[in-house]
Amino acid sequence: MRPRAWCGVLAAVALSATACGSGGGGEAKKSDDAAAGARSGFPVSVTDCMGTKTTFESAPKRIVTSNAASLELLMWLGAGDKVAGTGFPPGKGAMPGQYADRAAKVPVLGRTAIPKEKLLGSGADLYIDAFSSMKNMGKMGDAPTAKEFETAGIKHVFLKSTACAAMSKTPRTDLSGVEADIEELGKVTGTSARAAELVQEMRKKTGAVRDALKDVPEDKRPSYFFFDYDASTKQPMAVCNRQVANAVIGMAGGRNVFDGCDGDFKPVGWEDVVAKNPDWIQLGVRNRGSEEANAKAFDEAAEFLKNFPATKDLTAVKEGRFLRIGSERTTIGGVRSADTVREIAHTLHPDRVK
């Protein structure tokens, strides 16, 4: 794990915000609290997908995350010790190695969506939501109302890069939404310095790719199909232009063959894939927990395409132009999205991106 000396500084500032004013009158305490809050960057306000504002007077102490994506971001920010529970826990091998042990100790409040009663009774003061509603998860539960969150003392914020994706008015062509999530969570948790560092590192990686591909004309960039093998083989699921994968593919110098569909995901027919005849196909396999299991799943996905009547004659399939990059790293926005951009770019343009 990388050293994070700044964590101690921020922690000390946060403590000073809660420990000041132990004596004296109420007005003096309010003054001291306000001064401590200003030093630590509080109060801060964030908005949800519809623009509703939530204000934090201090950093939260107990955080519940809706899924592994928001959990991972908190780990990167150095706020993982504040996580009191999660839904959709990360599978074995899905979390970056340096955070795997700590993430495995986070209480699992729901294998999928956290049940409403368990979430409201979790004792959390912040819930980070990667979904705009429970409807996005196949109606696996009822989302608490704003009033219920308030009564439970839980502030409710969203990862806009995922929760608000389907509401976006324009296609996603960069990682600005993911970077904004990192910066926003940094403000909320009092880890803005670390957030800025993470965003700077991401921009350095994607900027290098952009510069390497700047003189490659759009019509010379290979077409690209993300094959979500685990979603369905009977009816493929297209990655549309509001999904973060659309940005990842485009930034890597590819052309998402379904960038014309609005929204995040959309079922299509195999005849639609065949008509696109993509130059490259990513075998979108979800993490199986080990390199051996992942390799087997990638092989199975490739064999399906090689043997399925509708796809066996596609040029990409006959020539074995497959990318073996996991689904989560491509379709879930996070710090590692920049690494995925670079990995795809190296495959599509090996002479330019080393």
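The rules we used
Residues numbered from 1 in each chain as written. Predicted model: local features only at pLDDT ≥ 70, side-chain atom pairs only at ≥ 80, totals over all residues. Heavy atoms only, no water. Pairing = 2+ DSSP bridges. Helix = DSSP H or I, 4+ residues; strand = E, 2+ residues; numbered from the N terminus. Axes fitted to C-alpha atoms, helices over the stretch in contact; angles between N-to-C directions. Salt bridge = Lys/Arg side-chain N within 4 Å of Asp/Glu carboxyl O. Buried < 20%, exposed > 50% of the residue type's maximum accessible area, 1.4 Å probe, protein only. Contact = heavy atoms within 4.5 Å. Polar contact = N/O pair within 3.5 Å; in protein donor to acceptor, adjacent residues only side chain to side chain.

So, about the sheet that holds strand β6 (residues 126–129). Spatially, five strands are ordered β5-β4-β3-β6-β7 in an open sheet, and the strand pairing comes out parallel. Each end of this open sheet is capped by a strand with a single partner; those strands are β5 (108–110) and β7 (155–158). Each strand of the sheet is rotated relative to its neighbour by a mean of 25°, with strand direction disregarded. Here four bridges tie β6 to β7, and the two strands are oriented parallel to one another. For L126, the partnering residue across the bridge sits in β7 and is K155.

Attention shifts here to the pattern of salt bridges. All chains considered together, the criterion is met by 17 salt bridges. The shortest N-O distance in the salt bridge between R321 and E319 comes to 2.3 Å. Residue R321 is classed as partly exposed on the basis of its relative accessible area, which comes to 22%. Bridged by salt links that share partners, the residues K205, D339 and R342 form one connected network.

The amide bond that connects F42 to the next residue, P43, takes the cis arrangement and shows omega of 0°. Relative to the helices and strands, P43 is located in the loop between α2 (26–39) and β1 (44–47). Its identity as a non-glycine residue notwithstanding, F88 has a phi of 40°, on the positive side. By secondary structure assignment, the location of F88 is in the loop between β4 (83–87) and α4 (100–104). A positive phi angle, near 40°, is found at N277, a position not held by glycine. Looking at where N277 falls in the secondary structure, it is placed in the loop between α11 (270–276) and β12 (280–284). Classification of N277 as partly exposed rests on a relative accessible area of 33%.

Secondary-structure assignment places P89 in the loop between β4 and α4. Take P89: its relative accessible area is 19%, and that puts it in the buried class. Setting aside residues up to four positions removed in sequence, P89 forms contacts with A68, V108, G110 and R111.

Along the polypeptide, D228 turns up in strand β8 (residues 223–228). For D228, the residues in contact, after removing those within four places along its chain, are M237, G284, R286 and S327.

Once that is clear, we can look at the sheet that holds strand β13 (residues 322–323). Spatially, β10-β8-β12-β13 is the arrangement adopted by the four strands of the open sheet, whose pairing is parallel. Pairing within the sheet leaves two strands with one partner each, and these edge strands are β10 (255–256) and β13. Taken together, the two bridges between β8 and β10 define a ladder with parallel strand orientation. Looking at β10, one finds that Y224 is bridged to N256. The strands touched by helix α12 (residues 291–307) within the sheet are β8, β12 and β13, with β12 carrying the most contacts at an inclination of about 135°.

This part covers the side chain of T330. Assignment of secondary structure puts T330 in helix α14 (residues 327–331). The buried category is assigned to T330, whose relative accessible area is 0%. Polar contacts involving the side chain of T330 include one to the side chain of Q282, which spans 2.8 Å. When sequence neighbours within four positions are dropped, the list of residues in contact with T330 reads F226, Q243, V244, A245, V248, Q282, I325 and T340.

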